[in-house]
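Structural overview for review
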Amino acid sequence: MNLFDVYPLQDVTIVKAKGSYVWDDKGEQYLDLYGGHAVISIGHTHPHWVKRIEEQLEKIAFYSNSVKMPIQQELARKLGKVSGKEDYHLFLCNSGAEANENALKLASFHNGRKKIIAFSKAFHGRTSLAVAATDNKAYTAPVNETDNVIFLPFNDEEALETAFGKHGNEISSVIIEGIQGVGGINVASESFLKLIRALCDKHGAIYIADSVQCGFGRTGKFFSHDFAGVNADIYTMAKGMGNGFPVAGMVIAPKLHAKYFQLGTTFGGNPLACAASLAVLETIEEEKLMGNAVMIGKYLKDELAKIPGIKNVRGRGLMIGFDVSDKLKDLKKNLLFEQKIFTGEAKPNVIRLLPSLALKKRDAESLIDAIREEVAKLEEAPANTEQA
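Residues numbered from 1 in each chain as written. Predicted model: local features only at pLDDT ≥ 70, side-chain atom pairs only at ≥ 80, totals over all residues. Heavy atoms only, no water.

This paragraph deals with the layout of surface pockets. By volume, the second largest pocket is sized at about 1100 Å³. What lines the second largest pocket is a set of 36 residues, among which Q72, L90, F91, L92 and A258 lie closest to the centre. Mapped onto the lining of the second largest pocket, the elements with two or more residues apiece are α3 (70-83), β4 (89-93) and β12 (248-252). Counting residues per element, the lining of the second largest pocket draws most heavily on α3, at eight residues. Residue composition of the lining of the second largest pocket, grouped by class: 17 nonpolar, 13 polar and six charged. (1 Å grid on protein atoms, 1.4 Å probe; cavity = no way out; pocket = protein on both sides within 12 Å on 5 of 7 lines; lining within 4 Å. Points joined across faces, edges and corners; volume = space filled by probe spheres on them. Helix = DSSP H or I, 4+ residues; strand = E, 2+ residues; numbered from the N terminus. Nonpolar A, V, L, I, M, F, W, Y, C, P; charged D, E, K, R; others polar.)

Within this structure, the stated rule accounts for 22 salt bridges. In this structure, E190 engages R316 in a salt bridge whose closest nitrogen and oxygen atoms are separated by 3.2 Å. Taken together, the residues span a long stretch of sequence, with E190 in helix α7 (residues 190-203) and R316 in strand β13 (residues 310-316) at a distance of 126 residues. According to the relative accessible area criterion, R316 is buried, its value standing at 17%. Here R372 makes a salt bridge to E303, at a shortest N to O gap of 2.9 Å. Of the two residues, R372 sits in helix α11 (residues 361-380) while E303 sits in helix α9 (residues 289-304), which places them 69 residues apart along the sequence. (Salt bridge = Lys/Arg side-chain N within 4 Å of Asp/Glu carboxyl O. Buried < 20%, exposed > 50% of the residue type's maximum accessible area, 1.4 Å probe, protein only.)

I117, F119, L160, I196, L300 and I371 are the most contacted members of the largest nonpolar core, which totals 104 residues. Among the elements that make up this core, the one with the highest residue count is helix α8 (residues 271-286) (10 residues). If near-sequence neighbours (up to four positions away) are discounted, I117 is found in contact with I150, L152, L160, A163, F164, I171, S173, V174 and I175. Counting residues in each nonpolar core, the second largest holds seven residues, with Y34, I185, M319 and L354 among its members. (Core = buried A, V, L, I, M, F, W, Y, C linked by side-chain atoms within 4.5 Å. Contact = heavy atoms within 4.5 Å.)

As C-alpha cells, this is what we get:
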C-alpha cells in the first residue's frame, strides 16, 4: 500500500527536533520559522511539555467522555485565566476544522438560522461546513456546496452592512480569522471586528472568532481578535494549542447554552491532549512568551521592511507575512535548500513566518541575514534565467 498522494512534499526527512531547530536524516540542522503551520508554539520537544505528557501517559492515556475527567476542568480553568475569558465555557475536540464545524453548528442551534457570512481568502478547514465557508474552490467538493454561505470582501465595512441590511434576520453567524493565515497574512482591522460585533448584537447573530492559527498568544494577545477590544461569542482554537499534540477546542460565551448530545467527540479532550495543552499554557505564562512574540516580531518586521524587493510586511507578533517580486519567487526554496531555514508561503508570492513563540533574537537575526544574502543573489541573477 502507498500513501494517498495529496501533499506536495519537500525532499527533506525530519527525524529530530528541539526548540526552534529540526534535523534531517543526514544530520543536517535547519532553523524552523514555520513550525508546521503555526503548530509549534513553545518550541519542539519542550522539556516541560514532554514531562507533562509522559507523566500523564503513566497514569491513563484515554477514556471516553462518558466519565469525569478532572484534567479537562484543570485545562478550562487555566485557559480562562491566561486568555481572560474566565466566564466562558470550553468544548474540546481534535482539529481546527472540527472546532469551526462545531462553532457554526452551535450558532445555528442557538438562533435557528442557516446563513453564514464568511470572507474572501478565508480558510476555516476541510470538513463539510467549515470548507463551505472557505474561499477556495479547490477544497470544496460538490457535496459541500451550499447557498447558505455569503462571501464578502475582507475588511469591507460597507459590504458587511449591506449584507446584514438584506439578510439580517437570516444570518446565523459571522466567522472571521483575526489574521488570515492560508489567505496570506491579512489582518482584520479593529474597526471591522467592532462592526461585526455591533451588527451581530443588533441582528441576533453569533460572532465566531477563528483563532486556529492566530490564537494561543501568537500575536502578543491571547486571541488576535482582542486587539479590537470587543468579545466574540465563540473562539475556535487548534494549531499551537498542543504544540504538536492533536487538540482543539471552542471557548463559548455564557449566552450559548449546552444541551446533551448537541455536540460530541470520541477523542477530544483526552487526558494526553489536556496535558499537552496545559504544558503549553504553563510555559507561555512562565516564559512570558506573548511578550517575546511582540518583541521578536517587531524586530523581524522592522528589518524585513529594509530589504529591497520585499514589500508589504504585515502581521502581528510572530504571525508575519510579506510579498516578494517575481524575481524573488524562489526565495522560499532557496532559504530551505541553501540556508537550511524553513518558512511558509501563500500564493502568489507571499512568504509566511510562523515560528515558535520562544524564538530567540539570534535566530531572528540569522533569518534576516539569510534573506539578505538570498535576495542579493536573486536580484543579481540574469533575467529569464531559471534558478537552480
